[in-house]
Amino acid sequence: MKTIAIPQFYCGPSGRKGLYNRQEVGLARAFAALGARAVVLYPAPGAAAPEFEEPEPNIKVWYLPVLALGSQAFFKSWHILLEEGVDAVHVMGDNSPGVPSLYRFCRRHGILFYSQLGALKSTSNHGAARWVMDLLLRRNLAVYRKTPTYAKTPAVAAELQSLGVPCTGLMPVGLDTAIIPDVPAEKPKLRGILGLDPAAKIFVFVGRLDPYKRPLDLVPLLQAAPGWLAVIIGQGEQGDELRRALREAGLAARCRLIPKLANTAVHVYYHACDAFVNLNDQEIFGMSLLEAMYAGCPPVARHAPGPDLIIENGVSGLLCDSVAELAAALDRADEAMGVAAQKRINEHFLWQNSAEVALAMLSAKGVTGRG
């Protein structure tokens, strides 16, 4: 049985246990379903000692002490890979500065290192941080040139090629359907439960209220779409500014703002709303986009690497360039588009797809498992 480790180098606000659809656990579950064993390594800044849980057969999740610099984690040791008998590491490290040390450890101990990348350049709001991260990226590129490297989107594949990194192929992000609740009730009943107007047209926005997600564009969007109400789920540094802007524009009565909600409860809103809006023009992928489409909620999104790959424009959603286009697209989103969106996710964007590609590559490389 092959054992694959999936380390996480990010230790920022999203992705923490209980708060979001954790990609690493979803991929681990897919590996286990296909007959492999998966070990997830999460950073635990400030932890005194390692802890682990085994949520399902052939899945082990470690929480390991790390040094943290901003949102970047530096693992103190990689010997856990030897203790767990790991055959390969599945790295979604992008530009994380901790990647080279992991590669060197794997090379010394005969562990196959491969990557699934979604971004290379830094997206930090701070110029100095961007400059440092982009400088450090050169170290990662040297690793990626020597190892199998998959891109999550065609845009990343093109960027890798331009940087002299051979791209092994596409390996999109997937959705972990095992943690998605069954929501059998019809939309009118759900709206009654949630206290939403049963006759209104309502779109939902789910994401961090930080600049890169463009949440302030919700104000002109609502102004340009007077027939729509909004459910806004998320919190972040622009939360107060958004609330103030909505009040000043006289739009507060047309919005429901929910700072924090369990992921299982978010899915009820996907089923209760008429459209999902994604405003980020740099969206690498968008787990909430996948979730909404899986629920049959038609997406209206700005052009970006993730949405451009996921959405078949005019079929399983609508892609736009401006707020005005987004507003017009809302009125074109319909139930047929929602059905097509759900079909699109089921056929192409589940973690099983990623796991199948990875396991085929490992077999081709002669990785048979140590156990």
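Note that the structure is a prediction, hence the values are computed from the model and not measured. Every chain is numbered on its own, with residues counted from 1 as its sequence reads. Local features in this predicted model are restricted to residues of pLDDT 70 or higher, and side-chain atom pairs are both shown and tallied only at a pLDDT of 80 or more, whereas totals for entire chains, interfaces and linings draw on every residue. Excluding hydrogens and water, the side-chain values take into account all heavy atoms of the structure.

1. Some thoughts on the packing of helix H10 (residues 287–294) against helix H13 (residues 335–348)
If you want to describe how two helices pack, look at the angle between their axes and the distance between the axes.
Here comes step 1: Comment: axis = line fitted to C-alpha atoms, over the contacting stretch for helices; angle = value between 0 and 180 degrees taken between N-to-C directions. Per the convention used, a helix needs a DSSP run of H or I reaching at least four residues, while a strand needs a run of E reaching at least two, with both numbered from the N terminus. Where H10 contacts H13, the two axes come as close as 7 Å, and the packing angle between them is 120°. Classified by the angle between their axes, H10 and H13 sit oblique to one another. Touching Leu-290, Met-293 and Tyr-294 of H10 are Gly-338, Ala-341, Gln-342, Arg-344, Ile-345 and Asn-346, all from H13. Orientation labels follow simple angle bins: below 35 degrees gives roughly parallel, above 145 gives roughly antiparallel, 65 to 115 gives roughly perpendicular, and whatever is left gives oblique. Any two residues whose heavy atoms approach within 4.5 Å are treated as being in contact.

2. Comments concerning the sheet that holds strand S16 (residues 318–320)
Here comes step 1: Here 6 strands make up an open sheet; going across it, the order is S13-S12-S11-S14-S15-S16 and the pairing parallel. With partners counted over all chains shown, the strands left at the sheet margins are strand S13 (255–258) and S16, one partner each. For this sheet, the mean inter-axis angle between neighbouring strands, taken without regard to orientation, is 20°.
Here comes step 2: At least two DSSP bridges between two strands are required for those strands to pair. Of the strand pairs in this sheet, strand S15 (residues 299–302) and S16 are connected by 3 bridges, and their pairing is parallel. Residue Arg-302 lies in a different strand from S16, and its bridge partner there is Cys-320.
Here comes step 3: Together, strand S11 (201–206), strand S12 (228–233), strand S14 (275–278), S15 and S16 form the strand contacts of helix H12 (residues 323–330), whose direction differs from that of S15 by roughly 170°.

3. Focus: the sheet that holds strand S3 (residues 51–56)
Note on sheets: strands pair through backbone hydrogen bonds, and any given pair is parallel or antiparallel.
Here comes step 1: With respect to topology, 8 strands assemble into an open sheet ordered S3-S4-S2-S1-S7-S8-S9-S10, the strand pairing being mixed. Strands with a single pairing partner mark the edges of an open sheet, and in this sheet they are S3 and strand S10 (169–170).
Here comes step 2: In the packing of helix H1 (residues 23–33) onto the sheet, contacts are made with strand S1 (3–7), strand S2 (37–43), S3, strand S4 (59–64), strand S7 (88–91) and strand S8 (112–117), and the angle to S2 comes to roughly 170°.
Here comes step 3: Taken strand by strand, helix H14 (residues 351–364) contacts S1, S7, S8 and strand S9 (149–151), and its axis lies near 145° from that of S8.

4. A few points about the packing of aromatic side chains
Here comes step 1: The criterion for an aromatic pair is that two Phe, Tyr or Trp rings (for Trp, the six-membered ring) have centres within 6.5 Å, with stacked assigned to planes under 30 degrees apart, edge-to-face to planes over 60 apart and tilted to the rest. Scanning the model with the defined rule gives 9 aromatic pairs in all.
Here comes step 2: Where Tyr-42 meets Tyr-63, the ring centres are 6.0 Å apart and the plane angle is 20°; that geometry is what we call stacked. A residue pair is termed long-range when its members are at least 10 positions apart, and Tyr-42 in strand S2 and Tyr-63 in strand S4 qualify at 21 residues. The exposure classification of Tyr-42 matches that of Tyr-63, with both residues buried.
Here comes step 3: Note on Phe-75 and Trp-78: the rings are 4.7 Å apart at their centroids and 35° apart in plane angle, and the pair reads as tilted.
Here comes step 4: Working definition: with a 1.4 Å probe on protein chains only, accessible area under 20% of the residue-type maximum means buried, over 50% means exposed, and in between means partly exposed. Classification of Phe-75 as buried rests on a relative accessible area of 10%.
Here comes step 5: A residue is classified by how much of its surface remains accessible, and Trp-78, at 7% relative accessible area, is buried.

5. Points about the pairing of S7
Here comes step 1: Taking every second residue as pointing to the same face, both faces of S7 are buried, with Ala-88 and His-90 on one and Val-89 and Val-91 on the other.
Here comes step 2: Two elements, S1 and S7, share 2 bridges in a ladder whose sense is parallel. In the strand pairing of S7, Ala-5 is matched with Val-89.
Here comes step 3: By the bridge criterion, 4 bridges tie S7 to S8 in an arrangement that is parallel. In the sheet register, Ala-88 faces S8, and the bridge partner there is Leu-112.
Here comes step 4: A clockwise course of the path from the first strand over the helix to the second, judged with the strands pointing away from the viewer, identifies a crossover as right-handed. Handedness of the crossover joining S7 and S8 through helix H3 (residues 99–109) is recorded here as right-handed.

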